[in-house]
Amino acid sequence: MATVATQSMAAVPMPKFRPIIEHVTTPQTAAAADFDPKKHLNFSPPSEVVMMKDLGYADDCGVSPVAVSQPFPLFSQEAIRRMRSEIMKPEVLDKCTYRSNIAASQLRGYAPKYAPFTYDAWSNPDTLSIISKIAGVDLVPQFDYEIGHINFSVKSDEETNAEIGMINKQKEFFADDEGIAGCPWEDDKPVVGWHNDSYPFVCVLMLSDCTNMVGGETALRTGNGDILKVRGPQMGCAVVLQGRYITHQALRALGAKERITSVTSFRPKSALVRDDTELRTVRPISDLSRLYYDFAEYRLENLEERTRVRLKELRERRRAGKKIDTVALKKWMTEQLAFLEHTNGEIVEEDKVMTGYIDEIPDEPVEETAERPTKRARVE
């Protein structure tokens, strides 16, 4: 069971920077058409994906042998504009904004009420087919509350211009790299510290123009403790990561006035697949009633499906005149008891949850030590 912090909010160390959200503007649309995959998807397969074994993990470490994809185009510019328009609604910024000791500004739980287009985009069968194919396992959104989680990082014009000047000066001394593993002059300070996600897979979508951006990579800790950096996506592009089983951190991006990413979490579609979902990293930055409703509903649905499958097998075995497999039945029951115990442990009483405080894995410098994997699986 996860340890729950109980210290007062006043003791939580909050980030020292403040997002300048009022400077981020997006033109409003007069007509709000529904999500159309033929119009709003702009998918091209990633050039390659990194497998779990490439990072020194066993293939069965998680729910898929896939670790992380290279960035790939996913949504059209029109779709990105619509998503930005939805998150910039005053009611969204007013009612759905959260902050924590590791992130100054996030939006959560705004779909589908305030963002029907975003909700439909991530729930569409064509979108799910794309994400599932890359991940190597059939996936569905974790639940409604985790669709389109937004991370804001916005700077003033003065800060942005100073960073661009520094970048241009340093560029004179280094050649461009090949896209995986950062340039030696990029910033290695994290936006979010070392952590494992609460959910099996995430798809990180870039909602900002990254023309002048340097950095913004994801640093992955390999099975032997080395560090591998994966380049961040461009506007409209995405990265798929099995973040529940890979310790990682998001590095700072320089040279861009804003960096807004949308993170949608996914779980295996099949109720029979391993499920290690936890709420440790999201509980402190959520409307607990909505989070617990979504979490409990999907967990009980999975338990219901598992029970239905086991009951069908028992009835078929009995009709066939076979002796009951007591060992197998008791093993299954033990597994379901553990499933229920874990579910119960994740639903922590509201008065024991410390709003805005997320436990971090102890930080350490990001020095890239991992060689580029010599063999990758191409996604056709």
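All of the points below concern the structure found in this document. (Residues numbered from 1 in each chain as written. Predicted model: local features only at pLDDT ≥ 70, side-chain atom pairs only at ≥ 80, totals over all residues. Heavy atoms only, no water.)

### A closer look at the pattern of salt bridges
Inference 1: Counting across every chain of the model gives 15 salt bridges.
Inference 2: A salt bridge links R244 to E278, with the shortest nitrogen-to-oxygen separation between them at 3.3 Å. Here R244 is found in the loop between β13 (237-241) and β14 (248-251), whereas its partner E278 is found in the loop between β16 (258-268) and α7 (288-319), with 34 residues between them in sequence.
Inference 3: In this structure, E316 and K312 form a salt bridge, with 2.5 Å as the shortest nitrogen-oxygen distance. Here E316 pairs with K312, and both are found in helix α7, just four residues apart, close to one helical turn.
Inference 4: Here the residues in one salt-bridge network are R244, E278 and R280, joined through shared partners. (Salt bridge = Lys/Arg side-chain N within 4 Å of Asp/Glu carboxyl O. Helix = DSSP H or I, 4+ residues; strand = E, 2+ residues; numbered from the N terminus.)

### Side note on unusual backbone geometry
Inference 1: Backbone torsion omega between A111 and P112 reads 0 degrees, so that peptide bond is classified as cis.
Inference 2: Looking at where P112 falls in the secondary structure, it is placed in the loop between β5 (103-107) and α4 (116-123).

### A word on the nonpolar core
Inference 1: L74, F75, M83, I87, Y110 and W122 are the most contacted members of the largest nonpolar core, which has 57 residues in total.
Inference 2: Sorting elements by how many residues they give to this core places helix α5 (residues 125-135) first, with five residues.
Inference 3: When sequence neighbours within four positions are dropped, the list of residues in contact with W122 reads L74, F75, M83, T127, L128, P141, I147, C203, L205, S262, T264 and F266.
Inference 4: F143, L288, Y292 and Y298 belong to the second-largest nonpolar core, a separate cluster that totals 15 residues. (Core = buried A, V, L, I, M, F, W, Y, C linked by side-chain atoms within 4.5 Å. Buried < 20%, exposed > 50% of the residue type's maximum accessible area, 1.4 Å probe, protein only. Contact = heavy atoms within 4.5 Å.)

### A word on the side chain of R244
Inference 1: Note on R244: relative accessible area 16%, which makes it buried.
Inference 2: If we ignore the near neighbours within four places in the chain, the residues touching R244 are N196, D197, S198, Y199, P200, D276 and E278.

### Re the pairing of strand β12 (residues 227-230)
The side chains of a regular strand alternate, first on one face of the sheet and then on the other.
Inference 1: Burial along β12 is two-sided: I227 and K229 facing one way and L228 and V230 facing the other are all buried.
Inference 2: With four bridges joining them, strand β11 (residues 218-221) and β12 adopt antiparallel strand pairing. Directly across from A219, in β12, lies its bridge partner K229. (Pairing = 2+ DSSP bridges.)

### Some thoughts on α7
Inference 1: Taking 1.5 Å per residue as the helical rise, α7 with its 32 residues ought to reach 46 Å, and the 46 Å between its terminal C-alpha atoms agrees with that figure.
Inference 2: Among the structural elements, β16 and α8 (326-346) are those in contact with the buried residues of α7.
Inference 3: Structurally, the start of α7 carries an N-cap: the backbone nitrogen of S289 is 3.2 Å from a side-chain oxygen of D287.
Inference 4: Of the residues flanking the end of α7, it is G321, one or two places downstream, whose phi is positive at about 75 degrees. (Expected span 1.5 Å × (residues − 1). Polar contact = N/O pair within 3.5 Å; in protein donor to acceptor, adjacent residues only side chain to side chain.)

### A short note on α5
Inference 1: Taken as a whole, α5 has its buried residues at T127, L128, I130, I131, S132, I134 and A135.
Inference 2: For α5, the capping residue at the N-terminal end is N124, with a side-chain oxygen 2.8 Å from the backbone nitrogen of D126.
Inference 3: The positive-phi residue at the C-terminal boundary of α5 is G136, with phi of around 80 degrees.

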